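# Close look at the chain arrangement
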Amino acid sequence: MIRKIVFYPDPVLRKAGAKVEEVTPEIRELAEDMIETMYDAHGVGLAAPQIGLSLQLAVIDVAHDEECVSYLRVNGEEKTLEEICPIVFLNPDIETFGDKDIDVEGCLSFPDLRSDITRPFEVRAQFETLDGETLVIETDGLFARAIQHEVDHLFGKLFIDRMTSARKLAIKRQLKEMQEDYKQA
Ligand SMILES: [Zn+2]
């Protein structure tokens, strides 16, 4: 089932999500719905707060471009994106490292906004799966960026927080319009 995506400045986007303590049938269904909702919205990632649920659960699929990472290891084993996407992750813990990388990002909670965002190029992410396994993903490029973007959502952080002050100034009007639309909705 496709769920409704919430837009900025919905307060749920600013809340840190609770840990998913138990994978119930509802959590499985939620994860399936989030994958469906992400595809329907043509996104590469979606976090539970973006459908109004303050939980540490997110989905990502960047397998449309196998070249978007230069390496990918899952629990130390080389994998392809196709083998692991779409991926559902719960209760993540990430470390970032590597060079600062600038690339364009969008966010399904900001439908008309895209912006250059600087982030570290590589991540090591540990998280739980729906099957109760703990996985460690080491990767770079777009996948590392998507993981960082989604994990930010799980802790109430948004990509606008990572924009340069010049960029923030440039989009001030756009954010104000979103705030007005939200009040009227
Ligand atoms: Zn987002």
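Notes on the structure in this doc start here.

### Digging into the nonpolar core
The biggest cluster of nonpolar side chains holds 39 residues, and the ones touching the most others in it are Ala58, Val59, Ile60, Phe143 and Ile147. Where this core is concerned, the elements lending two or more residues are α1 (25-40), β1 (45-47), β2 (57-60), β5 (87-107), β6 (110-128) and α3 (141-154). Examining the composition of this core, we find that 7 residues originate from one element, α3, more than from any other. When near neighbours in sequence (up to four residues on either side) are disregarded, Phe143 contacts Val62, Cys68, Val69, Leu72 and Leu81.

### Some remarks on the environment of Asp40
Among the structural elements, Asp40 can be located in helix α1. A sequence separation of 38 residues divides Asp40 from Ile2, and the C-alpha atoms of the two residues are 7.6 Å apart.

### Structural notes on helix α5 (residues 172-184)
In a regular helix each residue adds 1.5 Å, so 13 residues correspond to 18 Å; α5 covers 19 Å between its end C-alpha atoms and thus fits that length. Taking burial as the measure, the 13 residues of α5 include 1 buried ones, a minor fraction of the element.

### Section: unusual backbone geometry
In this structure, Pro9 follows Tyr8 across a cis peptide bond, with omega equal to 5°. The residue Pro9 is located in the segment before α1 in this model. Even without being glycine, Asn91 reaches a positive phi, approximately 50°. As for its placement among the helices and strands, Asn91 is situated in strand β5.

Rules used throughout
Residues numbered from 1 in each chain as written. Predicted model: local features only at pLDDT ≥ 70, side-chain atom pairs only at ≥ 80, totals over all residues. Core = buried A, V, L, I, M, F, W, Y, C linked by C-beta atoms within 7 Å. Buried ≥ 20, exposed ≤ 12 C-beta atoms within 10 Å, placed from the backbone. Helix = DSSP H or I, 4+ residues; strand = E, 2+ residues; numbered from the N terminus. Contact = placed C-beta atoms within 7 Å. Expected span 1.5 Å × (residues − 1).

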